[in-house]
Amino acid sequence: MDVGMVGLGNMGSGITKSLLRAGHRVSAYNRTRSRVDALIPDGVTVAATPADACHGDAVLTMLADDAAVESAVFGSSGILSALPKGGLHISLSTISGRSQ
C-alpha cells in the first residue's frame, strides 16, 4: 500500500518505521526536514509538502495541535489540494475535534 505520513515526532516516526517494516511504501513530510531525512535509510520517500505525501491510498497525520492539523489539511499545498478521489485522511492527532 502507498501511504503518506505528515508529522514525524516520536509517535509519527514510530508509526512510519512500522509501516515501512510491514512493506508499505511511505512518503513523509515534516516541518523539520531532518526528521524525514533520518528515515531515508529505512526507505521513506521525502515529500516536500503535505500535498506531496498524498499520492497513495491514504495519508496519516500525527500532529501537535489543532492549528498544525488545520494548516496541513487546509493550507497552501495542503492535503485537501492533492488527496485523490477515494483517498483517506486518517488523523491520529490528539486534538479538540472542533469543526471550522
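Residues numbered from 1 in each chain as written. Predicted model: local features only at pLDDT ≥ 70, side-chain atom pairs only at ≥ 80, totals over all residues. Heavy atoms only, no water.

1. What to know about the sheet that holds strand S3 (residues 45–46)
No. 1: A sheet is described by the order of its strands in space; here 5 strands give the open sequence S3-S2-S1-S4-S5, paired in parallel fashion. Among the strands making up the open sheet, the edge pair consists of S3 and strand S5 (88–91).
No. 2: Here strand S2 (residues 25–29) pairs with S3 via 2 bridges, running parallel. Each residue of the ladder has a partner; that of Ala28, found in S3, is Val46.
No. 3: Of the strands in this sheet, strand S1 (2–6), S2 and strand S4 (58–61) touch helix H1 (residues 10–21), which is tilted by about 170 degrees from S1. (Pairing = 2+ DSSP bridges. Helix = DSSP H or I, 4+ residues; strand = E, 2+ residues; numbered from the N terminus. Contact = heavy atoms within 4.5 Å. Axes fitted to C-alpha atoms, helices over the stretch in contact; angles between N-to-C directions.)

2. Considerations on the pairing of S5
No. 1: When S4 meets S5, the two strands line up parallel, connected through 4 bridges. Directly across from Leu60, in S5, lies its bridge partner Ile90.
No. 2: Considered for its hand, the β-α-β crossover made up of S4, helix H3 (residues 66–74) and S5 is right-handed. (Right-handed = clockwise from strand over helix to strand, strands pointing away.)

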